[in-house]
Amino acid sequence: MEKLIEKYYRPRLPHIWCPGCGNGIVTSSIIKAIDKLGLDQDKTVIVSGIGCSSRASGYLNFDTVHSLHGRALPVATGIKLADPELNVIVITGDGDGTAIGGNHFIHTARRNINLTVILFNNNIYGMTGGQYSPLTPTDSKATTAPYGTLERAFDIAELAKAAGATYVARGTAFHANMLVDVIAKGISHDGFSLIEAVTQCPIYFGRQNKKGDASAMLKTQRDNAVTVEAAKKLSPEQLEGKFKIGVLHQSEAPEYTKQYQGIIDRAQKGAK
Amino acid sequence: MAKVLLLQGNQACAEGAIAAGVTFFAGYPITPSTEIAEIMAKRLPEVGGKFIQMEDEIAGIGAIVGASLTGKKVLTATSGPGFSLKQEFIGYATIAEVPIVIANVQRVGPSTGQPTAPAQGDMMQARWGTHGDHPVIALTPASVPECFTLTIKAYELSEKYRMPVLLMLDEIIGHMREKIEIPDYDTIEKPVRKGPRVGPNEFKAYEPDSDGVPPMADFGTGYRYHVTGLVHDETGFPNGSPAATEKLLKRLHEKVERDIDNITMYEEYKLDDAEIAIVTYGGTARSAYAAIDMAREEGIKVGMFRLISVWPFPEKEIAQLAQKVKVIVVPELNYGQMVGEVKKAAEGKVPVKPMSKYDSEPISPKELLAFVKNL
């Protein structure tokens with residue numbers, strides 16, 4: 001493990017995450033996936049937005065961009081389209097990626113540009129102190145929902161699929177090894193990949209909603225997650241209140257930057 | 001080979017960008033800037049570049065920020081409402097020192113306003129649209145040939161100072177057609193970004209040279225640096241200490257201020273013996289040339305100081321002008337924006353008269369002549 005830290009992390013500790021936060025586990029899963037695939041560190045770019053998880057970019061030893069709130073995907077799109085040789089990985093949170101960044105999210109998925117998005121889902125705005133996000137479950141408490149949230153939460157995986165993502169997976173901080181695997185598959189996939197990484201925020205989500213400490217929240221992930229394979233054998237009643245983990249969707253579609261090269265070839269031949 | 005063409009200002013802006021070596025455009029269509037996007041969509045693939053129409057204005061500028069980090073020269077184009085949406089990223093590119101060029105073809109506002117009518121109402125938005133204290137470089141062409149040359153100049157400045165440069169067109173200039181002689185693009189010097197002179201181990205991403213500007217490494221070349229909109233120190237990593245905050249903000253201002261004489265651009269027209277000076281810019285300057293010629297025929301000594309770089313504002317030059325003439329007139333297509341800057345620079349040494357027009361029509365030479373005669 002020490003070797004991975006030396007190779008992939010910048011010597012910038014301590015990090016800003018609270019005790020018990022799952023973001024460190026998800027970040028290390030990304031690093032393990034990168035290492036497993038043997039990606040060229042000089043040709044890999046990490047782009048994030050703003051929020052707790054988005055601070056990860058600063059800790060990782062690659063070309064990294066800590067961009068604007070909700071805007072990681074446009075920046076990543078510019079990098080990937082300008083230089084398709086680069087592996088571009090996006091780190092975002094549920095608030096960053098699905099609220100202010102929601103429109104970018106669906107359109108980037110629609111284009112099927114070869115980016116890998118790891119969306120850290122802790123169900124809350126952590127950095128601003130516990131306000132509800134589009135992925136906060138209905139009837140949850142938040143500092144901006146002292147009587148409970150009215151809004152229904154997105155199923156971000158379903159949204160990604162509907163918008164045209166060609167690889168969609170979900171993992172959890174508890175199932176860290178599996179998370180490495182689904183992230184690695186997403187990076188290898190030629191097209192837009194979304195990996196929802198369920199992570200615990202004991203301080204701002206857990207405390208307000210009486211979910212217990214970090215270990216209790218990890219156990220909740222363990223107890224409620226059902227692998228895609230196991231879910232096939234369960235009835236809808238048995239799946240009530242559970243969520244699926246693993247590769248949820250994979251399909252083939254033309255990848256944007258490769259398609260764009262076709263445009264250049266046509267333009268340079270003088271054809272329309 | 002040089003070509004003589006009849007082009008629109010928007011077209012000349014797009015061609016200027018290609019001549020400067022732009023290979024990436026991302027944007028969102030908005031009148032009256034749309035032709036810039038349309039031409040880039042056709043022209044960029046011909047030169048091996050890329051065009052992408054993004055889902056909104058914010059995404060358009062976000063994508064060019066990303067593309068610029070890979071070493072490409074980049075452009076986006078917009079008009080007032082879109083310019084507002086892009087402001088947060090303009091601030092980001094300023095603090096993160098990412099060279100980008102934004103063309104704003106101004107229309108009547110606020111809000112949707114008059115999409116197809118000319119205005120010069122975003123001059124202060126260009127200066128203060130994003131949040132915080134920051135320097136701005138904004139250029140304003142007054143002819144189709146100048147759309148071409150100033151666009152190239154915008155890249156020279158943007159790459160040199162590592163910051164956004166704003167091209168403030170107005171609808172008159174954007175949609176006007178004029179004869180333009182376009183040189184062979186191979187003969188045009190392409191602005192060059194200052195690259196690192198040390199290896200990745202010694203490289204500090206935001207360590208400035210003596211000119212206040214840090215060399216910039218392209219993503220993907222092994223320098224592995226961090227880009228953030230947070231206040232950062234020379235390493236590029238967040239450092240919110242009062243000392244680091246002051247040092248960074250001071251440097252961002254000073255890299256422009258110290259070189260202000262090289263950035264400031266203006267034109268003097270029949271100003272030598274003038275008693276009345278017209279200070280104006282962009283499409284409105286076109287009427288001023290004609291009004292001045294008409295006035296001169298009647299023996300009225302009028303001349304023009306045309307702002308080409310509007311930001312930074314040529315304060316020193318306007319102060320000198322205020323010592324020379326008896327009155328300054330500032331015609332502009334807004335309720336009065338740059339006139340405030342002229343007054344500030346003139347420091348009460350001479351009366352400064354606004355001639356504001358905001359009815360969606362240009363100021364005609366006759367109207368300007370009448371205004372001058374009534375002084």
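Residues numbered from 1 in each chain as written. Chains lettered and ligands numbered in written order. Predicted model: local features only at pLDDT ≥ 70, side-chain atom pairs only at ≥ 80, totals over all residues. Heavy atoms only, no water.

**Observations concerning the overall build of chain B**
Heads up, the condition is: Numbering goes from the N terminus for both helices and strands, where a helix is a DSSP run of H or I of at least four residues and a strand is a run of E of at least two. With the radius of gyration taken over C-alpha atoms, the globule rule is written as 2.2 Å times the number of residues to the power 0.38. Residue burial is assigned from relative accessible area. The probe radius is 1.4 Å, only protein chains are included, and a residue is buried under 20% of its type maximum, exposed over 50%, and partly exposed in between. Contacts are assigned to residue pairs with any non-hydrogen atoms lying within 4.5 Å of each other. Under the convention used here, a 1.4 Å probe and the Shrake-Rupley method define accessible areas, while residue burial counts only the protein chains that appear. Asp and Glu count as negative and Lys and Arg as positive, but His and the ends of the chain are not part of the count. Charge placement uses NZ in Lys and CZ in Arg. For Asp and Glu, CG and CD serve respectively.
Looking only at helices and strands, chain B features 13 helices and 16 strands. Its C-alpha radius of gyration of 21 Å places chain B within 12% of the 21 Å reference for a compact globule of 375 residues. For chain B, the spread of C-alpha atoms along the three principal axes comes to 70 × 45 × 40 Å. Among the 375 residues that make up chain B, the fraction classed as buried is 61%. For chain B, the proportion of contacts with a sequence separation of at least 24, taken over those separated by at least 6, is 76%. Accessible surface computed for chain B: about 14,000 Å², of which carbon and sulfur atoms make up 51%. Measuring between centres, the 40 positive side-chain charges of chain B sit 1 Å from its 49 negative side-chain charges.

**Looking at the overall build of chain A**
When helices and strands are tallied, chain A shows 13 helices and 10 strands. Over its C-alpha atoms chain A spans a radius of gyration of 18 Å, differing by no more than 12% from the 19 Å that the globule rule assigns to 272 residues. Overall size of chain A, expressed as C-alpha extent along the three principal axes, is 65 × 45 × 35 Å. Considering chain A as a whole, with its 272 residues, one finds that 56% of them fall into the buried category.

**Considering helix α12 (residues 338-346) of chain B**
Note on helix geometry: an α-helix contains 3.6 residues per turn, so any two residues three or four positions apart are oriented the same way. Residue and element names in this part refer to chain B. Which entries qualify depends on this criterion: Arc definition: directions from the helix axis to the C-beta atoms.
Listed in full, the buried residues belonging to α12 are Met 338, Val 339, Glu 341, Val 342, Ala 345 and Ala 346. An end-on view of α12 places all buried positions within 160° of arc, on one side of the element. At the exit of α12 stands Glu 347, carrying a positive phi of roughly 45°.

**Describing the interface of chain A and chain B**
Selection criterion: Throughout, the accessible surface (probe 1.4 Å) given up by two parts as they are put together, summed over both, is called the buried area. Should a side-chain nitrogen of Lys or Arg be within 4 Å of a carboxyl oxygen of Asp or Glu, the pair is scored as a salt bridge. We call two N or O atoms a polar contact when they sit within 3.5 Å, provided that within protein one can donate a hydrogen and the other can accept it, with sequence-adjacent residues counted only if both atoms are side-chain atoms. Classes in brief: Ala, Val, Leu, Ile, Met, Phe, Trp, Tyr, Cys and Pro nonpolar; Asp, Glu, Lys and Arg charged; the others, Gly included, polar. Strand pairing requires that DSSP identify at least two bridges connecting the strands.
Each partner contributes to the interface: chain A provides 39 residues, whereas chain B provides 41 residues. Across the interface of chain A and chain B, roughly 3,300 Å² is buried in total on both sides, 60% from carbon and sulfur atoms. Looking only at chain A, the three residues that lose the most surface to chain B are A:Asp63, A:His66 and A:Leu68, adding up to 17% of its buried area. Where chain A touches chain B, the interface holds two salt bridges. For the salt bridge of B:Glu55 with A:Arg111, the shortest nitrogen-to-oxygen distance reads 2.5 Å. Summed over the shared surface of chain A and chain B, the result is 18 residue pairs in polar contact (both at pLDDT 80 or more). Ranked by residues supplied to the side of chain A that touches chain B, first place goes to helix α4 (residues 72-82) of chain A with seven residues. Of the residues belonging to the side of chain A that touches chain B, the class tally is 16 nonpolar, 13 polar and 10 charged. Across three bridges, strand β2 (residues 63-66) of chain A lies against strand β10 (residues 226-228) of chain B in parallel orientation.

**Overview of the sheet that holds strand β15 (residues 327-332) of chain B**
All names here are of chain B. Stated precisely, the cut-off is as follows: Between the N-to-C directions of two axes lies an angle of 0 to 180 degrees, each axis being a line fitted to C-alpha atoms and, for a helix, fitted only over the stretch in contact.
On the basis of which strands lie adjacent, the open sheet formed by five strands has the order β11-β13-β12-β15-β16 and mixed pairing. The open sheet has two free edges, formed respectively by β11 (266-269) and β16 (352-356), since each of these has just one partner strand. On average, adjacent strands in this sheet sit at an angle of 20° to one another, irrespective of strand direction. Relative to strand β13 (residues 302-307), β11 runs antiparallel, the two sharing four bridges. Paired with Glu 267 across the two strands is Arg 306, which belongs to β13. On top of the sheet, helix α10 (residues 282-297) reaches β11, β12 (276-281), β13 and β15; it is set at about 165° to β13, its chief contact.

**Side note on the sheet that holds strand β7 (residues 167-172) of chain A**
Hydrogen bonds between backbone atoms are what pair the strands of a sheet, whose relative direction is either parallel or antiparallel. Pairing within the open sheet is mixed, and its nine strands lie in the order β9(A)-β10(A)-β7(A)-β8(A)-β4(A)-β3(A)-β1(A)-β2(A)-β10(B). The open sheet is flanked by β9 (225-227) of chain A together with β10 of chain B, the only strands paired with a single partner. When strand polarity is set aside, the average angle formed by the axes of neighbouring strands in this sheet is 20°. Sheet topology note: the strand β1 (residues 44-48) of chain A/strand β3 (residues 87-93) of chain A ladder contains five bridges and is parallel. Among the inter-strand pairings, A:Ser48 is bridged to a residue of β3(A), identified as A:Ile91. Along the sheet, helix α10 (residues 214-224) of chain A makes contact with β7, β8 (193-198), β9 and β10 (243-250) of chain A, crossing β9(A) at roughly 40°.

**Re helix α11 (residues 315-324) of chain B**
Residues and elements named next belong to chain B. Where α11 is concerned, the buried positions are Glu 317, Ile 318, Leu 321 and Ala 322. Taken end-on, α11 shows its buried residues confined to a sector of 145°, consistent with a single buried face. Of the exposed residues in α11, the ones pointing more than 90 degrees away from its buried face are Glu 315 and Gln 323. Here the buried face of α11 lies against β11, β12, β13, β15 and α12.

**Thoughts on the environment of B:Arg306**
Residues and elements named next belong to chain B. Along the chain, Arg 306 falls in strand β13. Spatially, the C-alpha atom of Arg 306 lies 8.8 Å from that of Met 265, the residues being 41 residues apart in sequence. Once residues lying within four places of it in the same chain are set aside, the contact partners of Arg 306 are Thr 140, Ala 142, Glu 146, Met 265, Tyr 266, Glu 267, Thr 280, Tyr 281, Ala 285 and Tyr 289. Reaching out from Arg 306, the side chain makes a polar contact with the side chain of Glu 146 at a distance of 2.7 Å.

**Side note on the nonpolar core**
Soluble globular proteins tend to pack their nonpolar side chains together in the buried interior. Stated formally: The definition of a nonpolar core used throughout is a set of buried Ala, Val, Leu, Ile, Met, Phe, Trp, Tyr and Cys residues joined through side-chain atoms within 4.5 Å. All the domain ranges listed were derived from an automatic or database domain assignment.
Formed by 139 residues in total, the largest nonpolar core has its most connected members in A:Val47, B:Phe24, B:Ile36, B:Met40, B:Tyr225 and B:Ile328. Counting only domains with at least three residues in this core, you end up with domain 1 (3-187) and domain 2 (267-374) of chain B. Discounting residues that sit within four places of it in the chain, B:Tyr225 has contacts with A:Arg10, A:Phe62, A:Asp63, A:Thr64, B:Leu69, B:Phe203, B:Ala205, B:Met216, B:Ala217 and B:Phe219.

**Regarding the packing of α4(A) against helix α6 (residues 102-111) of chain A**
Between two packed helices, what matters for the description is the angle formed by their axes and the separation of those axes. Residues and elements named next belong to chain A. At their nearest, the axes of α4 and α6 sit 8 Å apart, and the two run at 35° to each other. On the side of α4, the interface is formed by Leu 73, Pro 74 and Thr 77, while α6 contributes His 104, Phe 105 and Thr 108. Split by residue class, the contact of α4 with α6 holds three nonpolar, three polar and no charged.

**Some points on the domain arrangement of chain B**
Residue and element names in this part refer to chain B. Per the domain assignment, the segments of chain B are domain 1 (3-187) and domain 2 (267-374). One C-alpha centre belongs to domain 1, the other to domain 2; they are set 26 Å apart. Between domain 1 and domain 2 the total buried area reaches about 1,900 Å² when both faces are included, carbon and sulfur atoms providing 59% of it. Contact with domain 2 buries area across many residues of domain 1, yet Gln 120, Met 123 and Met 124 alone supply 32% of it, more than any other trio. At the boundary of domain 1 and domain 2, one finds two salt bridges. Notably, a salt bridge pairs Glu 146 with Arg 306, separated by 2.7 Å at the nearest N-O pair. Counting the contacts that link domain 1 with domain 2 gives 15 residue pairs in polar contact (both at pLDDT 80 or more).

**Side note on the confidence of the model for chain B**
For clarity, the cut-off: The predictor rates its confidence in each residue with pLDDT, a number between 0 and 100.
Scored by pLDDT, chain B has a mean of 98; 100% of the residues are at 70 or more. Taken over the whole predicted complex, pTM reads 0.98, whereas the ipTM for its chain interfaces reads 0.98.

**A closer look at the pattern of salt bridges**
All names here are of chain B. On inspection of all chains with the given rule, the structure shows 34 salt bridges over all chains. Note that Glu 178 and Arg 286 form a salt bridge whose closest N and O atoms lie 2.8 Å from each other. Highlighted residues: Glu 178 in strand β9 (residues 177-182) and Arg 286 in helix α10, separated in sequence by 108 residues. Relative accessible area serves as the criterion here: at 18%, Glu 178 is assigned to the buried category. Two residues, Asp 273 and Arg 296, come together in a salt bridge whose shortest N-O distance is 2.9 Å.

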